[in-house]
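What follows is each chain in one-letter form.
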Amino acid sequence: MQLTTHQQKAFNDIVDVIEDNLFTCYKSKSLSERLLSLTGPAGTGKSVVTTHIVKHIVDKLRSQNSFTSESVVVTAPTHKATKVLRDLLIANNIQADCK
């Protein structure tokens, strides 16, 4: 799955924030510090970018021996979007809970 130039920029910006705060956010009890929201119109690649972000997070946590099956939870505002995300995660062999 290849990202467009705009998707790659969004991915890089988001990953920079995540990497700066990964273990602080991961251990935080504050829900607002542990959430990330990616929004945009239909068809702009949010699910594809999210799949790349989740893979990056999972790989990073695994490299730090901090990954568990409950480490990453992905959700979406509709059942359809959640199914799309779940299918993309499964198709790319990415282990994350999708609700």
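Since this is a predicted model, take the numbers as computed values, not measurements.

Caption draft 1: Broad picture of the overall build of the protein. The helix and strand inventory of the protein stands at 3 helices and 2 strands. Along the chain direction, N to C, the helices and strands of the protein fall in the order α-α-β-α-β. With 99 residues in all, the protein has 29% of them scored as buried. A fraction of 62% describes how many contacts in the protein between residues 6 or more apart in sequence connect residues 24 or more apart. Total accessible area on the protein stands at roughly 6,900 Å², and carbon and sulfur atoms take up 53% of it.

Caption draft 2: Geometry of the pattern of salt bridges. For the coordinates displayed, the defined rule picks out 4 salt bridges. Across the pair Asp13 and Lys9 runs a salt bridge, and its minimum N-O distance is 2.8 Å. Remark: Lys9 and Asp13 occur in helix α1 (residues 5–27); sequence separation between them is 4 residues, near one turn of the helix. Look at Lys9 and you get exposed, because its relative accessible area is 51%. Between Asp97 and Lys99 there is a salt bridge, with its nearest N and O atoms 3.4 Å apart. Classification of Asp97 as partly exposed rests on a relative accessible area of 30%. The exposure class of Lys99 is exposed, given its relative accessible area of 57%.

Caption draft 3: Region of interest: the environment of Thr75. Its place among the elements puts Thr75 in the loop between β1 (73–74) and α3 (79–91). Through-space distance from the C-alpha of Thr75 to that of Leu85 is 8.0 Å; in sequence the pair is 10 residues apart. Sequence-distant contacts of Thr75, defined by excluding residues within four places in its chain, comprise Leu85 and Lys99.

Caption draft 4: Representation of the side chain of Thr50 within the structure. Tracing the sequence through the fold places Thr50 in helix α2 (residues 46–63). At a separation of 2.7 Å, a polar atom in the side chain of Thr50 contacts the main-chain carbonyl oxygen of Lys46. Excluding residues that lie within four positions of it along the chain, Thr50 makes contacts with Leu38, Val74 and Leu85.

Caption draft 5: Structural detail: the packing of α2 against α3. Orientation of α2 relative to α3, taken along the N-to-C sense of each, is 45 degrees, at an axis distance of 10 Å. By the angle between their directions, the pair α2 and α3 is classed as oblique. For the element pair α2 and α3, the recorded crossing hand is right-handed. Judged by residue contacts, Ser47, Val48, Thr50, Thr51 and Val54 of α2 engage Val84, Leu85, Leu88 and Leu89 from α3.

Thresholds, definitions, all that
- Residues numbered from 1 in each chain as written.
- Predicted model: local features only at pLDDT ≥ 70, side-chain atom pairs only at ≥ 80, totals over all residues.
- Heavy atoms only, no water.
- Helix = DSSP H or I, 4+ residues; strand = E, 2+ residues; numbered from the N terminus.
- Buried < 20%, exposed > 50% of the residue type's maximum accessible area, 1.4 Å probe, protein only.
- Contact = heavy atoms within 4.5 Å.
- Areas by Shrake-Rupley, 256 points an atom, 1.4 Å probe, with all protein chains shown as cover.
- Salt bridge = Lys/Arg side-chain N within 4 Å of Asp/Glu carboxyl O.
- Polar contact = N/O pair within 3.5 Å; in protein donor to acceptor, adjacent residues only side chain to side chain.
- Axes fitted to C-alpha atoms, helices over the stretch in contact; angles between N-to-C directions.
- Parallel < 35°, antiparallel > 145°, perpendicular 65-115°, else oblique.
- Left-handed = near helix turned anticlockwise from the far one by under 90°.

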